[in-house]
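# Summary of structural features
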Amino acid sequence: MAPNDSADTNGSAAQGTKGAGAGRRKAARYIVPVAVAGVAAATIGLVPALASSGDPDLPKITAQELIEKIAASDTQQLSGTVKISTDLGIPSMGGLTGSLVPDGAAGQGSASADPQQKLTELASGTHTLRVAADGPDKQRLSILDDASEYSLIHNGDQVWAYDSKSNAVYHAKNAKNAKNAGSAHDRTGRSKERQAAPDGVPTTPKALAEQALKAADGTTSVTVDGTAQVAGRDAYRLVIKPEQSGSTIGSITVAVDAENGVPLKFTLRPSSGGKAAVDAGFTTVDFGKPDASSFSFTPPKGAEVTEADEAEGHGKAEADRAKGDLSAFEGMNVIGKGWNTVAEIKTPGGTALPSAESGEVPAGAQQFLDALGDKVTGKFGSGTVFKTRLVNALMTDDGRVYVGAVTKDALVNAANQAG
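Residues numbered from 1 in each chain as written. Predicted model: local features only at pLDDT ≥ 70, side-chain atom pairs only at ≥ 80, totals over all residues. Heavy atoms only, no water.

### Looking at the overall build of the protein chain
How we decide: By definition, any uninterrupted DSSP run of H or I lasting at least four residues is a helix, any uninterrupted run of E lasting at least two residues is a strand, and each is numbered from the N terminus. The cut-offs for exposure are 20% and 50% of the maximum accessible area for each residue type, with area from a 1.4 Å probe on protein chains only; residues under the lower value are buried, those over the upper are exposed, and the others partly exposed. Here, residues are in contact when the closest pair of their heavy atoms is within 4.5 Å. For accessible areas, the Shrake-Rupley method is used with a probe of radius 1.4 Å. Any residue's cover is judged against the shown protein chains and nothing else.
Scanning the protein chain for helices and strands turns up eleven helices and 21 strands. The buried share of the protein chain, reckoned over its 419 residues, is 47%. Contacts in the protein chain between residues far apart in sequence, at least 24 positions, make up 61% of those at least 6 positions apart. Of the roughly 19400 Å² that the protein chain leaves accessible, carbon and sulfur atoms contribute 50%.

Encoded structure:
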């Protein structure tokens, strides 16, 4: 087993994550509305990979060197199987989802094959994925169920999605959609691996690890904690821990391929203890060139094909209504720093939040929120804290919302601080 080596991000490790604090605040601008509506829809977790067959004996490496190894990894080709599961400690969203879907929408092809809608299913339960990538212009992601399969394929300027259960197809063909589903480039112009998935929806251990490392700043410790074997590959264990009290995140462990620097497994444990809330791992992985047939697709006979522009038209009314709901909030104030960052948003004039009593919230949604909520009071007044194992939200009775990956007490303190 490799000796433990560490690098506190107040020192050298911070160099690999320079500007992370600013990036975290910028990201919160987009994450907060999603968290208020339902944090489960933005969080993806993966169940453990195959059990370790023994800790391999690998050369000594420091945390800084391992972070640099991840950053330098330029693996363009791979295929394999990933297990997915999430345990956020929230009630089932089945009833809530049904109450929020417009009448007739469930039967539309776009509703069952559109990637933006389908991939949110990974926010809960257990799933098996097959992934494949061959450079920045070819990726495939398939979600396997007992009797059906959902596949998302990016090949050049073509993006296809197919749901075998409903025999529905989604198709996009233009530079904008190909860019969103395909490659990205760093500041040097080098293409970086990216799965064919909507922005903000990580589907591999690598995507999850990159997000976690962005948060590693002066409030974080990063260490190397021995070795492991994942999917038959030797790996180092990189452990990321918040040094601040009040965070709901206890630790993040990333198993990094010792040969090529690709994250093979990602595990996020909450500070409250218990099983992992987010756990990502390959069960099989091959870094050879995938078969070209993996990235070809022809709509099956009789399938309903929805073009991207048509799908956008179907959803325009719902999108406009959602924009109207979000426009009720004014600006955003960021309180605290690092892992204890809390975002505050307000409704105009201190308008109280909608409720079932006012007829503005479906009964199913209100029951879901009530099951999560704890009544709290403080200098700020009174309100309700809605909790998951990771992201919590305090909604005050005078129309303010405080959201963060922090404990209930930290939310109340932030609200008191904001006055």
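### Details of the packing of aromatic side chains
Quick note on the threshold: Paired rings are identified among Phe, Tyr and Trp, the last through its six-membered ring, by centres lying within 6.5 Å, and are further divided according to the angle between planes into stacked (under 30 degrees), edge-to-face (over 60) and tilted (the rest).
In total, this model carries two aromatic pairs according to the counting rule given. Between tryptophan 160 and phenylalanine 297 the ring centres are 5.3 Å apart and the planes differ by 45 degrees, which places this aromatic pair in the tilted class. Linking tryptophan 160 in strand β6 (residues 158-163) with phenylalanine 297 in the loop between β14 (278-286) and β15 (304-307), this pair joins segments that are 137 residues apart in sequence. The residues tryptophan 160 and phenylalanine 297 share a single accessibility class, namely buried. Pairwise contacts between aromatic rings join Trp160, Tyr162 and Phe297 into one cluster.

### So, the pairing of strand β21 (residues 400-404)
Definition in use: Only strands that DSSP links by at least two bridges are regarded as paired with each other.
Counting buried positions over the five residues of β21 gives five, a clear majority of the element. Because side chains alternate across β21, one face comprises the buried residues Arg400, Tyr402 and Gly404, and the other comprises Val401 and Val403, equally buried. With four bridges connecting them, strand β17 (residues 342-346) and β21 associate as antiparallel partners. Looking at β21, one finds that isoleucine 345 is bridged to valine 401.

### Focus on the environment of threonine 388
What counts, and what does not: Polar contact is defined as a pair of N or O atoms within 3.5 Å, subject to the rule that within protein one atom must be able to donate a hydrogen and the other to accept it, and that residues adjacent in sequence are counted only when both atoms are side-chain atoms.
Within the element layout of this structure, threonine 388 appears in the loop between β19 (381-386) and β20 (392-396). Taking the C-alpha atoms as reference, threonine 388 lies 5.5 Å from leucine 88; in sequence the two are 300 residues apart. From its side chain, threonine 388 meets the backbone oxygen of valine 391 in a polar contact 2.8 Å long.

### Focus: the pairing of β6
With six of six residues buried, β6 is to be regarded as a mostly interior element. The pairing of strand β5 (residues 149-155) with β6 spans six bridges and is antiparallel. The partner of asparagine 155 across the bridge, within β6, is glutamine 158. One ladder, built from six bridges, connects β6 with strand β7 (residues 168-173); its direction is antiparallel. Bridged to tryptophan 160 within β7 is histidine 171. Connecting β6 to the antiparallel partner β7 that follows it, the hairpin turn spans four residues, and asparagine 167 within it adopts a positive phi of roughly 55 degrees.

### Focus: unusual backbone geometry
Of note, the phi angle at asparagine 167 is positive, near 55 degrees, even though the residue is not glycine. Structurally, asparagine 167 can be placed in the loop between β6 and β7. Judged by its relative accessible area of 23%, asparagine 167 is partly exposed.

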